[in-house]
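Overview (structure and organization)
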Amino acid sequence: MAKAGMKRKKEEKTKTQLKRPKTAPGQHLPKGTNVTKTDFKVGKIVIPKQLEKSGEAGPVTKRKLGLKELLSKLTHYSQTVRFESLEGIKELVTGEQGGNLVQGNLSLLVSKLAPLTSDRERRVRRAAFAILQAILSQVAESKLEPLFPVLTAHLSCCLTHIDPAIQQDGLNLIDSLVTTVPSFIAGNFSKILPDCLEQISKRSVNKSKAGVSTNVSEKITALQWRTDVLKRVDQVLRAILSQLKSKIGSEKAQNCVKVEFGESVQARIYPMRPSSLCLSELVKKSGEDPMLEITDKIIPLILDSWVEATAETNKKRIGFLSNDVFPLLEHISGILEKLVTYSRVFGYDGDDTVLVRMKQKYFADLNSRLLSHLPYSNSSGKCNAQNVLLSSVILNLAESLDANLLSRIIQTVGSPTTDAGERLKVFKHLLYGSLLDKESRGTVLTLLLDMSANLASGSEQRIGALKLLSDLAECDEELGSWLESLPSLLISAVDQSFSERSLVLETMLKFAQRRNTHLEQSFKLKSSALQDWSEGLEEKEKQNSKMLLSYIHQNYA
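All values derive from a computational prediction rather than experimental measurement.

Counting its secondary structure elements, the protein chain contains 27 helices and 2 strands. Per-residue burial for the protein chain yields a buried fraction of 42% across its 557 residues. Contacts in the protein chain between residues far apart in sequence, at least 24 positions, make up 69% of those at least 6 positions apart. Of the roughly 33200 Å² that the protein chain leaves accessible, carbon and sulfur atoms contribute 51%.

Shown next as structure tokens:
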């Protein structure tokens with residue numbers, strides 16, 4: 001029975017429904033049912049994974065993984081997955097198409113990688129540092145400026161983390177940023193430096209009490225950690241001075257425009273507008289220099305760190321340092337000298353408030369604990385450069401000096417192995433000031449003459465030394481022999497640059513107009529040799545040199 005019923009149902013389904021007439025009762029089929037329609041629409045089905053495999057979505061790693069897939073794994077709970085994803089991103093960023101990949105995904109890359117700088121696993125943090133440095137080094141700083149708040153926030157989290165290991169790695173992140181984006185460091189130093197100094201600062205309710213922290217890491221000594229922090233402070237200050245120097249140089253270049261005279265010469269009334277405007281320039285600035293607050297945090301830490309590091313030093317040899325303490329002296333001297341330079345040259349709105357604060361509030365402690373023990377030495381003989389820097393700090397801060405300390409400063413600046421630029425700063429302070437007696441002044445002038453003679457011809461330091469000697473010779477008769485040597489110096493120099501030759505000629509003209517007798521004798525003796533010398537110059541420089549020599553000759557005619 002069941003089989004017969006099923007057979008009957010199948011037969012009913014296979015029956016064709018015949019078309020009923022409209023007059024027949026019941027439902028009717030709609031009109032045009034048996035007509036084939038030729039109008040239809042076509043749409044594409046796009047599967048992203050298929051495109052990635054075919055290479056149309058960008059470069060892929062050796063494991064055939066694209067950038068977006070790698071970035072999505074950076075938040076995975078497994079440290080192995082996070083680290084492997086970073087290795088894949090590093091492969092893409094440093095590959096052949098890494099530049100284009102970074103340019104097109106800069107914001108995404110930085111926002112995804114920045115949180116990993118404070119990851120709980122050290123190898124993940126280190127890998128993130130390396131990739132960030134590789135990314136930032138491929139991009140112009142103007143394009144990175146919108147991302148500065150992201151970098152600042154995560155750098156602050158890294159420097160102030162509860163885990164000491166992450167704090168120490170935050171110092172390595174500062175190294176990467178100083179190397180790749182110094183403008184970021186210089187523009188955000190008021191936020192970066194306090195977080196950096198917080199690592200070695202004593203946490204106290206009373207903010208007026210400052211000092212170094214007694215809580216240190218188990219894996220590093222207190223002296224090493226404080227030295228590492230002060231090293232980064234020194235690097236940040238160097239980046240600030242470098243950026244300010246380049247900014248002032250660009251402003252001078254825009255304001256001083258060379259014009260060749262001719263027909264239809266136009267004079268610009270208003271200075272040139274900058275090609276771009278930084279976001280930091282739009283921020284409302286307070287009347288106080290932010291470096292003041294930084295100074296109040298740095299110097300107490302410097303003093304306490306130095307006292308603690310040299311507590312076991314023998315009083316009879318208080319200027320002798322062990323090799324462990326020398327790096328601390330190196331960074332302390334650099335920090336103090338850069339604070340003085342910042343105030344002298346790049347003061348906030350032209351003020352030297354930082355220098356005034358250092359004089360009034362900290363010089364007494366600095367002098368008694370650090371500066372009065374000059375010169376320092378150690379078994380490796382590496383303290384000469386630091387002694388020169390500290391001598392410059394003393395001359396900027398001290399109102400008066402005792403004869404003993406002054407003689408030690410002169411002894412320090414006489415070392416030929418130190419940086420000529422720093423020695424030149426000390427020479428300026430000594431020779432322009434009223435601290436030297438006649439005998440000491442003669443000694444310092446001799447040292448300056450020896451340094452200028454031994455410097456490389458055409459170097460920036462040599463030109464600075466010649467300018468200083470030229471200014472001093474206006475009122476110092478002891479430099480008469482130096483004036484006599486100028487014609488010979490001009491003729492005998494082999495690798496003399498155009499700027500150095502011009503400076504020597506202008507100096508000779510300046511003293512010829514004053515009818516200087518020392519220069520007159522040597523100029524008349526070397527007159528024909530100077531004419532022959534000018535003939536060997538290039539055509540444009542030859543005309544200028546002959547004109548200056550003729551002016552000098554007219555003054556002595």
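Still more to cover.
Moving on: the layout of surface pockets. Taking a probe equal in size to a water molecule and rolling it over the atoms shows the remaining empty space. Taken as a whole, the second largest pocket encloses approximately 1400 Å³ of empty space. Partitioned by chemical class, the residues of the lining of the second largest pocket number 9 nonpolar, 14 polar and 16 charged.

Looking at the protein chain as a whole, its pLDDT mean stands at 82, while 80% of the residues score no less than 70. pLDDT under 50 marks residues 51-56. Its contacts with residues more than four places away, or in other chains, come to 6 contacts.

Turning next to the environment of Phe 189. Summarising the element assignment, Phe 189 is placed in helix α12 (residues 189-197). For Phe 189, a relative accessible area of 10% corresponds to the buried category. Residues Phe 189 and Leu 237, spaced 48 residues apart in sequence, show a C-alpha to C-alpha distance of 8.3 Å. When sequence neighbours within four positions are dropped, the list of residues in contact with Phe 189 reads Pro 194, Val 236, Ile 240, Pro 290, Met 291 and Ile 294.

Here the focus is the environment of Asp 228. Checked against the element boundaries, Asp 228 lands in helix α13 (residues 222-255). Accessibility expressed as a relative area gives 18% for Asp 228, which makes it buried. Sequence separation between Asp 228 and Asn 172 is 56 residues, and the spatial gap between their C-alpha atoms is 9.7 Å. The contacts of Asp 228, once residues within four sequence positions are left out, are Leu 171 and Ile 220.

Take the packing of aromatic side chains next. Tallied over the entire structure, the rule returns 3 aromatic pairs. On the numbers, 5.0 Å between centres and 55 degrees between planes, the contact of Phe 148 with Phe 184 is tilted. Placement of the pair is Phe 148 in helix α9 (residues 148-159) and Phe 184 in helix α11 (residues 182-187), with a sequence separation of 36 residues. Their ring planes at 85 degrees and their centres at 5.6 Å tell us that Trp 306 and Tyr 376 sit as a pair that is edge-to-face. Of the two residues, Trp 306 sits in helix α14 (residues 290-309) while Tyr 376 sits in the loop between α16 (353-369) and β2 (377-378), which places them 70 residues apart along the sequence. Of the two residues, Trp 306 and Tyr 376, both sit in the buried class. In this structure, Arg 514 packs its charged tip against the face of Phe 511, placed 5.9 Å from the ring centre.

A word on the pattern of salt bridges. Taken as a whole and assessed by the stated rule, the structure comprises 22 salt bridges. We note a salt bridge from Arg 238 to Asp 234, for which the minimum N-O separation is 3.8 Å. With Arg 238 and Asp 234 both in helix α13, this residue pair falls 4 residues apart, about one helical turn. What makes Arg 238 partly exposed here is its relative accessible area of 44%. Across the salt bridge formed by Asp 476 and Arg 441, the nearest N and O atoms sit 3.1 Å from each other. A residue pair is termed long-range when its members are at least 10 positions apart, and Asp 476 in the loop between α21 (460-472) and α22 (480-484) and Arg 441 in helix α20 (residues 438-454) qualify at 35 residues. One continuous salt-bridge network, built from bridges that share partners, spans Arg 125, Arg 126 and Asp 169.

What follows concerns the side chain of Ser 391. With respect to the secondary-structure elements, Ser 391 resides in helix α17 (residues 384-397). For Ser 391, a relative accessible area of 1% corresponds to the buried category. Dropping the residues within four chain positions of it, Ser 391 is found in contact with Leu 374, Ile 409, Thr 412 and Val 426.

The next point concerns the packing of helix α18 (residues 403-413) against helix α19 (residues 420-432). The N-to-C vectors of α18 and α19 enclose an angle of 145 degrees; their axes lie 10 Å apart at closest approach. Crossing of α18 against α19: the hand is left-handed. Packed against α18, whose contacting residues are Leu 406, Ile 409 and Val 413, the element α19 presents Arg 423, Val 426, Phe 427 and Leu 430 at the interface. Across the contact of α18 with α19, the residue classes tally to 6 nonpolar, no polar and 1 charged.

Let us now look at the state of the cysteines. In the structure shown here, the tally under the stated rule is 0 disulfides. No disulfide involves Cys 157; its sulfur sits 8.5 Å from the nearest other cysteine sulfur, which is in Cys 158. With a relative accessible area of 43%, Cys 157 lands in the partly exposed category.

For the rest of this paragraph, the subject is unusual backbone geometry. Residue Leu 374 is joined to Pro 375 through a cis peptide bond whose omega torsion reads -5 degrees. For Pro 375, the location among the structural elements is in the loop between α16 and β2. We note that Lys 64 has phi near 65 degrees; this positive angle belongs to a residue other than glycine. As for its placement among the helices and strands, Lys 64 is situated in the loop between α2 (48-54) and α3 (67-72). Even without a glycine there, the phi angle at Arg 515 is positive, about 55 degrees.

The end-to-end C-alpha separation of helix α24 (residues 498-513) is 23 Å, in line with the 22 Å expected for 16 residues at 1.5 Å each. Those residues of α24 lying buried are Glu 500, Arg 501, Ser 502, Leu 503, Val 504, Leu 505, Thr 507, Met 508, Leu 509, Phe 511 and Ala 512. Arg 515 sits one or two residues past α24 and shows a positive phi near 55 degrees.

Right, let's get into α17. Compared with the 20 Å implied by 1.5 Å per residue over 14 residues, the 20 Å span of α17 between its first and last C-alpha is a close match. Among the 14 residues in α17, 12 count as buried, and that is most of the element. Within the sequence span of α17, burial applies to Gln 386, Asn 387, Val 388, Leu 389, Leu 390, Ser 391, Ser 392, Val 393, Ile 394, Leu 395, Asn 396 and Leu 397. On the buried face of α17, the contacting elements are α15 (326-345), α16, α18 and α19.

Counted according to the given criterion, the structure contains 3 cavities of 30 Å³ or more. A volume near 50 Å³ is recorded for the largest cavity. Lining the largest cavity, in full, are Ala 114, Thr 117, Leu 132, Val 150, Leu 151, His 154, Leu 155, Leu 173 and Leu 177. When contributions to the lining of the largest cavity are tallied by element, the ones reaching two or more residues are α9 and α10 (164-180). Looking at the lining of the largest cavity element by element, the count peaks at 4 residues for α9. Residue composition of the lining of the largest cavity, grouped by class: 7 nonpolar, 2 polar and no charged.

Calculation criteria
Residues numbered from 1 in each chain as written. Predicted model: local features only at pLDDT ≥ 70, side-chain atom pairs only at ≥ 80, totals over all residues. Heavy atoms only, no water. Helix = DSSP H or I, 4+ residues; strand = E, 2+ residues; numbered from the N terminus. Buried < 20%, exposed > 50% of the residue type's maximum accessible area, 1.4 Å probe, protein only. Contact = heavy atoms within 4.5 Å. Areas by Shrake-Rupley, 256 points an atom, 1.4 Å probe, with all protein chains shown as cover. 1 Å grid on protein atoms, 1.4 Å probe; cavity = no way out; pocket = protein on both sides within 12 Å on 5 of 7 lines; lining within 4 Å. Points joined across faces, edges and corners; volume = space filled by probe spheres on them. Nonpolar A, V, L, I, M, F, W, Y, C, P; charged D, E, K, R; others polar. pLDDT = per-residue confidence, 0-100. Phe/Tyr/Trp six-rings, centres within 6.5 Å; stacked < 30°, edge-to-face > 60°. Lys NZ or Arg CZ within 6 Å of the ring centre and 35° of its normal. Salt bridge = Lys/Arg side-chain N within 4 Å of Asp/Glu carboxyl O. Axes fitted to C-alpha atoms, helices over the stretch in contact; angles between N-to-C directions. Left-handed = near helix turned anticlockwise from the far one by under 90°. Disulfide = S-S within 2.5 Å. Expected span 1.5 Å × (residues − 1).

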